[in-house]
2 protein chains.
Amino acid sequence: MFKHILAAIDGSEHSTKAAKVAIELARTYGSDLTLLHVTRKLDLPDQLKEYLKAEHLTREDLPALDEATKRIIEDVRIKAEAQGLKRVRTIFREGKPARSIVDYARSASIDAIVIGSRGLSDFESALLGSVSHKVASLAGCTVMIVK
Amino acid sequence: MFKHILAAIDGSEHSTKAAKVAIELARTYGSDLTLLHVTRKLDLPDQLKEYLKAEHLTREDLPALDEATKRIIEDVRIKAEAQGLKRVRTIFREGKPARSIVDYARSASIDAIVIGSRGLSDFESALLGSVSHKVASLAGCTVMIVK
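What you are looking at is a predicted structure, and each value in this text was computed from that prediction instead of being measured.

Draft legend 1. Examining the overall build of chain A more closely. A tally of helices and strands in chain A yields 6 helices and 5 strands. The N-to-C order of helical and strand elements in chain A reads β-α-β-α-α-β-α-β-α-α-β. Counting the 147 residues in chain A, one finds 50% classified as buried. Within chain A, contacts between residues separated by at least 24 positions form 74% of all contacts whose residues are at least 6 apart in sequence. Roughly 7,500 Å² of accessible area belongs to chain A as shown, and the carbon and sulfur atoms make up 50% of that amount.

Here's what the structure looks like:
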């Protein structure tokens, strides 16, 4: 059903759940799987904050931040391959997350984007929007928002 | 991965695509499948408009409208069962679509809601919101928006 699945990963707990769902779908349907991370400076996910804290780094310390993110995505890739997926790739982009995810999906002919929900409250979500909702609005393909 | 999948069906082309995806997922994962339609008066889907026109009816003619909707959902149910699904049920509700879908999903312990995108333009979507985005915001479970 899905030839090429994109999992958008920001290092947060929600995106780890989304990655699991994406791996399971890709396994089921024999899909290619691309793991995409978009670097931005705002809203560091908790796992990255913890990493930075543990390493006595600040959010200004961007090379270290990239390293932490890459490590999380590498873990997902290893898990995906351990579950038998043969065509897994990791992609890193810089920019506005929703726009970058949608643009990449379009350029790579993705069938389905799997993305974690940030779990914003209705109020926050109405006010700020969330990456997942922007992706769902802008994407030309099916979007699965994992909670 | 999904024990109980809910397909939200409004009779539109997008919801027919969503129903297909929901059937495929339910087949793959051996899930229960519930087909839910929420009746509202605004925004008649094209298929229903065509039905009404063909039958020389107006949108005021609500018993006929319900009949048309039920026929579309019955078609989906027959397709699902023809594909080997054993636990398919159809549910009809009246009310605000997004809220009714989310409330039903919560009450029935749904794992994943599959819903069509209305394909609104970014501008319209920002202005009006869409049922699928409201469902994605409010639902406690995974939401797949099919385009």
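Following the structure, the description resumes.
Draft legend 2. Up close: the pattern of salt bridges. Tallied over the full model, the rule gives 10 salt bridges over all chains. Between Asp 103 of chain B and Arg 99 of chain B there is a salt bridge, with its nearest N and O atoms 3.2 Å apart. Here the residue Asp 103 of chain B and the residue Arg 99 of chain B both occupy positions in helix α4 (residues 97-107), the gap between them amounting to 4 residues, near one helical turn. Each of Glu 74, Arg 77 and Glu 81 of chain A takes part in one network of salt bridges that share partners.

Draft legend 3. Structural detail: the side chain of Ser 100 of chain B. Within the secondary structure, Ser 100 of chain B is located in helix α4. Note on Ser 100 of chain B: relative accessible area 13%, which makes it buried.

Draft legend 4. Seen up close, the packing of aromatic side chains. All names here are of chain A. Under the criterion given, the structure shown has 2 aromatic pairs over all chains. Relative to Tyr 29, the ring of Phe 2 has its centre 5.9 Å away and its plane inclined at 85°; by these criteria the two rings are edge-to-face. Residue Phe 2 is located in the segment before β1 (4-8), and its partner Tyr 29 is located in helix α1 (residues 13-29); the two are separated by 27 residues in the primary sequence. Just as Phe 2 is buried, Tyr 29 falls in that class too. The lysine or arginine in question, Lys 70, covers the ring of Phe 92, its NZ or CZ lying 5.5 Å from the ring centre.

Draft legend 5. Structural context of the sheet that holds strand β4 (residues 112-116) of chain B. The strand order across the open sheet formed by 10 strands is β3(A)-β2(A)-β1(A)-β4(A)-β5(A)-β5(B)-β4(B)-β1(B)-β2(B)-β3(B), and the pairing between neighbours is mixed. Each edge of the sheet is formed by a strand with only one pairing partner; in this case those strands are β3 (88-94) of chain A together with β3 (88-94) of chain B. Going across the sheet, the axis of each strand differs from the next one's by a mean of 20°, ignoring polarity. Pairing of strand β2 (residues 32-39) of chain B with β3 of chain B, which is carried by 7 bridges, proceeds in the parallel orientation. Each bridged residue has a counterpart across the sheet, and for Thr 39 of chain B the counterpart in β3 of chain B is Glu 94 of chain B.

Draft legend 6. Fine view of the relation of the copies chain A and chain B. Least-squares fitting of chain A to chain B yields an RMSD of 0.1 Å, with the transformation described by 0.0 Å of translation along the axis and a rotation of 180°. In the structure described here, the two chain copies are related by an operation that fits a two-fold rotation axis. For chain A, the minimum C-alpha distance to the rotation axis belongs to Met 144 of chain A and amounts to 2.0 Å. Comparing interface residues between copies, 100% of those in chain A also lie at the interface in chain B; the contact surface is shared.

Draft legend 7. Spatial organisation of the pairing of strand β2 (residues 32-39) of chain A. Residue and element names in this part refer to chain A. Burial within β2 is extensive, with 7 of its 8 residues counted as buried. Summarising the sheet, β1 and β2 pair through 5 bridges and their orientation is parallel. Within the sheet, the bridge partner assigned to Leu 6 lies in β2 and is Thr 34. In this fold, β1 hands off to α1, which returns the chain to β2; that crossover is right-handed.

Draft legend 8. Main features of the environment of Asp 46 of chain A. As for its placement among the helices and strands, Asp 46 of chain A is situated in helix α2 (residues 46-54). Through-space distance from the C-alpha of Asp 46 of chain A to that of Ala 8 of chain A is 16 Å; in sequence the pair is 38 residues apart.

Draft legend 9. Expanded view of the confidence of the model for chain A. Residue and element names in this part refer to chain A. In the predicted model, chain A carries a mean pLDDT of 85, and 84% of its residues have values of at least 70. By mean pLDDT, the top-scoring element of chain A is β1 (97), and the lowest-scoring one is helix α5 (residues 122-128) (51). The ipTM assigned to the predicted complex is 0.79, against a pTM of 0.81.

Draft legend 10. α4 of chain B, seen in detail. Residue and element names in this part refer to chain B. Of all the residues in α4, the buried ones are Pro 97, Ala 98, Ser 100, Ile 101, Val 102, Tyr 104 and Ala 105. Considering only its buried residues, α4 is in contact with β1 (4-8), β2, β3, β4 and α6 (131-138). Positive phi shows up at Ser 109, right after α4, with a value of about 50°.

Reading guide: rules and limits
One numbering rule holds for all chains: residues counted from 1, following each sequence as written. Chains carry letters from A onward and ligands carry numbers from 1 onward, assigned in written order. Selection of residues for local features in this predicted model requires a pLDDT of at least 70, selection of side-chain atom pairs for listing and counting requires 80 or more, and totals for whole chains, interfaces and linings are taken over all residues. Values reported for side chains reflect all heavy atoms of the structure, with hydrogen atoms and water molecules removed beforehand. In this description a helix means any DSSP run of H or I spanning at least four residues, a strand means any run of E spanning at least two, and both kinds are numbered starting from the N terminus. Note on exposure labels: buried denotes an accessible area under 20% of the residue type's maximum, exposed denotes more than 50%, and partly exposed covers the range between, all computed with a 1.4 Å probe on protein chains only. Note on definitions: a residue-residue contact is assigned when non-hydrogen atoms from the two residues lie within 4.5 Å. Methods summary: accessible areas were calculated by the Shrake-Rupley approach with a probe of 1.4 Å, and residue burial reflects only the protein chains presented. The term salt bridge refers to a pairing of a side-chain nitrogen on Lys or Arg with a carboxyl oxygen on Asp or Glu at a separation within 4 Å. Aromatic rings from Phe, Tyr and Trp, taking only the six-membered ring of Trp, are treated as a pair when their centres fall within 6.5 Å; an angle between ring planes under 30 degrees marks them as stacked, one over 60 as edge-to-face, and anything in between as tilted. Whether a charge sits over a ring depends on NZ of Lys or CZ of Arg being within 6 Å of the ring centre and within 35 degrees of the ring normal. Any two strands between which DSSP finds at least two bridges are classified as paired. Every axis corresponds to a line fitted to the C-alpha atoms, with the helix fit spanning only the stretch in contact, and the corresponding angles, defined between N-to-C directions, vary from 0 to 180 degrees. A least-squares superposition brings the copies together, and it is based on the C-alpha atoms of residues with pLDDT no lower than 70 in both. Crossover handedness is defined by viewing with both strands directed away from the observer: a clockwise path from the first strand over the helix to the second marks the crossover as right-handed. The pLDDT value expresses, per residue, how confident the predictor is, ranging between 0 and 100.

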